[in-house]
Every structure is written in C-alpha cells, then in structure tokens.
Amino acid sequence: LSTLLLLVFLGRSKLEKVTGKLQNILESAVVLLRGLTVDLLGPTGPSYLPLMGTIFLYIFFNNLIGLVPGLKSPTMTVSTPLALGLTTFLCVQSIAVKVNGVAGYLKHFMGDILAIAPLMFVIHIAGEIAKPMSLSLRLFGNIYGEDNIIAVLFKMGFPVWIPVHLPMLAFGIFTAFLQAFIFTSLSCIYVQGFT
C-alpha cells in the first residue's frame, strides 16, 4: 500500500501536458475506474469514484501480496473480506438513506404492494444482510484457493528449483484483478439498486 502511495505521489508531483509513462499509467487507471462507475451508476457515477476506486485498489493490491513467495494475501483470511463486506454494506446503506431520505429508504424495503409489505420487508432485510456475506465469501474463497495452490506448486518445485508455480502466478495476477473488479462491480450494483 505504501508503494502505491509512493507511485501516486511521484506521478502527481511531475504532472505534464505530454504525459510520461508513470503519469500515463495512473491516468489510465483513473479513466478505467471512472468508466466502471459511469457504466454501472450512470451520470452520478463519478461522485462514487473515490469510494469504488479505493475498494478496487485496496482489494487488488492485497490480492497481489499473496503472489510473493512466503507471503499471504490479507484477503485469504476471513477477517479482511468480512471487514470489506461490512464496510461496503454500511456505505451502501448510508448512501441509500442520503439519496432517498429515511422514509424513502424504508419504503424501498416495503415493496410496491401494501398488502404484502410486512413479508416484503422481511425478504428485503434478509437480502440486504446476505450481500456483505456474499461479497466476503466470494473474495475469501477465490483468493484462499488460489494462494494455497500457488504455495503447493511452489513447494513441489522447491527441492529441485523448478518453478512449476510460474503459470499459476501469471493466472494469479488476472485473478487478483478479476476479484477486485467483481467486488467493486457488485458494490456499484448495490448502490444503483437504491438510487
């Protein structure tokens, strides 16, 4: 994480009209994240870019840590994905209250038909509670499995110094990106459901 902050600091301290490599990479990352939020949230997407961008980058770089031999991704323990899921859940709920007001927020849980509002309220509450669990378990399971496979392959090749884990490391970079993308996309979809 400190490496990311250093890269951003270096890229920002030398802003130029004709972009260098570092500035180009950083600007491309911002454009991609902005595009994601606009695609999923519409014109209000850029206002959620700081939250969604932070979630994406945090998960992506935490996932990459496990690709370093001897290190484990923080996201392969239950606590980190659970904390991310709960934080995202609280952010989404606070955004929903801010956008709809307390009355509109509660009305969302009641549904459109007043006669079955109590049943719909219970169903919607159960669905909202399931969202952080779904986000957490998906991230945890995928990164836990990937990191364990890499560790096993690394141990298999260690006695004779054959890097049998290298193809899985390449796949791990893709998985690190994919899991961060999925978590962020679902977070945007949850926000979009209330706006």
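The following paragraphs examine the structure supplied in this document. (Residues numbered from 1 in each chain as written. Predicted model: local features only at pLDDT ≥ 70, side-chain atom pairs only at ≥ 80, totals over all residues. Heavy atoms only, no water.)

Details of the overall build of the chain
For step 1, the next point in the chain: The helix and strand inventory of the chain stands at 6 helices and 0 strands.
For step 2, the next point in the chain: Each helix and strand of the chain, placed in order from N terminus to C terminus, yields the pattern α-α-α-α-α-α.
For step 3, the next point in the chain: Projected onto the principal axes, the alpha-carbon positions of the chain cover approximately 70 × 45 × 25 Å.
For step 4, the next point in the chain: Pairs at least 24 apart in sequence give 66% of the contacts found in the chain among residues at least 6 apart.
For step 5, the next point in the chain: About 11800 Å² of surface is accessible on the chain, with carbon and sulfur atoms providing 75% of the total.
For step 6, the next point in the chain: Counting 11 positive and 7 negative side-chain charges, the chain places the averaged centre of each group 6 Å from the other. (Helix = DSSP H or I, 4+ residues; strand = E, 2+ residues; numbered from the N terminus. Contact = heavy atoms within 4.5 Å. Areas by Shrake-Rupley, 256 points an atom, 1.4 Å probe, with all protein chains shown as cover. Lys, Arg positive; Asp, Glu negative; His and termini not counted. Charge placed at Lys NZ, Arg CZ, Asp CG, Glu CD.)

Regarding the packing of aromatic side chains
For step 1, the next point in the chain: Here the structure, examined in full by the defined rule, presents 11 aromatic pairs.
For step 2, the next point in the chain: Note on Phe60 and Phe61: the rings are 5.3 Å apart at their centroids and 75 degrees apart in plane angle, and the pair reads as edge-to-face.
For step 3, the next point in the chain: The class of Phe61 is partly exposed, set by a relative accessible area of 28%.
For step 4, the next point in the chain: The structure contains a cluster of three or more aromatic residues connected by ring pairs, namely Phe56, Phe60, Phe61, Phe177 and Phe181. (Phe/Tyr/Trp six-rings, centres within 6.5 Å; stacked < 30°, edge-to-face > 60°. Buried < 20%, exposed > 50% of the residue type's maximum accessible area, 1.4 Å probe, protein only.)

Describing the packing of helix 4 (residues 79-110) against helix 5 (residues 117-157)
For step 1, the next point in the chain: Two numbers describe how helix 4 lies on helix 5: the axes approach to 8 Å, and their chain directions differ by 155 degrees. On the basis of their axis angle, the class for helix 4 and helix 5 is roughly antiparallel. In the packing of helix 4 onto helix 5, the handedness of the crossing is right-handed. Between helix 4 and helix 5, the residues in contact are Pro81, Leu82, Leu84, Gly85, Leu86, Thr88, Phe89, Gln93, His108, Phe109 and Met110 and Ala117, Met120, Phe121, His124, Ile125, Glu128, Pro132, Met133, Leu135, Ser136, Leu139 and Phe140, respectively.
For step 2, the next point in the chain: Taken together, the residues of the contact of helix 4 with helix 5 sort by class into 16 nonpolar, 6 polar and 1 charged. (Axes fitted to C-alpha atoms, helices over the stretch in contact; angles between N-to-C directions. Parallel < 35°, antiparallel > 145°, perpendicular 65-115°, else oblique. Left-handed = near helix turned anticlockwise from the far one by under 90°. Nonpolar A, V, L, I, M, F, W, Y, C, P; charged D, E, K, R; others polar.)

Concerning the pattern of salt bridges
For step 1, the next point in the chain: In this structure the tally under the stated criterion is 1 salt bridge.
For step 2, the next point in the chain: When the shortest N-O distance is used, the salt bridge between Glu128 and Lys131 registers 2.8 Å. Highlighted residues: Glu128 and Lys131, both in helix 5, separated by 3 residues, approximately one helical turn.
For step 3, the next point in the chain: Glu128 gets classed as buried once you look at its relative accessible area, which sits at 7%. (Salt bridge = Lys/Arg side-chain N within 4 Å of Asp/Glu carboxyl O.)

A look at the layout of surface pockets
Empty space among the atoms can be located by rolling a probe the size of a water molecule over them.
For step 1, the next point in the chain: If you add up the space inside the largest pocket, you get close to 860 Å³.
For step 2, the next point in the chain: Lining the largest pocket are 30 residues, with Leu26, Ala29, Val30, Leu33 and Leu57 sitting closest to its centre.
For step 3, the next point in the chain: When contributions to the lining of the largest pocket are tallied by element, the ones reaching two or more residues are helix 1 (2-13), helix 2 (21-41), helix 3 (49-65) and helix 6 (166-192).
For step 4, the next point in the chain: Considering each element in turn, the lining of the largest pocket owes the most residues, 11 residues, to helix 2.
For step 5, the next point in the chain: Partitioning the lining of the largest pocket into residue classes produces 23 nonpolar, 5 polar and 2 charged.
For step 6, the next point in the chain: Reported here for the second largest pocket is a volume of approximately 230 Å³.
For step 7, the next point in the chain: Together, 16 residues line the second largest pocket, and Gly70, Leu71, Asp147, Ile150 and Ala151 are the ones closest to its centre.
For step 8, the next point in the chain: Within the lining of the second largest pocket, the residues separate by chemical class into 9 nonpolar, 4 polar and 3 charged. (1 Å grid on protein atoms, 1.4 Å probe; cavity = no way out; pocket = protein on both sides within 12 Å on 5 of 7 lines; lining within 4 Å. Points joined across faces, edges and corners; volume = space filled by probe spheres on them.)

Nothing here speaks to function; it is geometry throughout.
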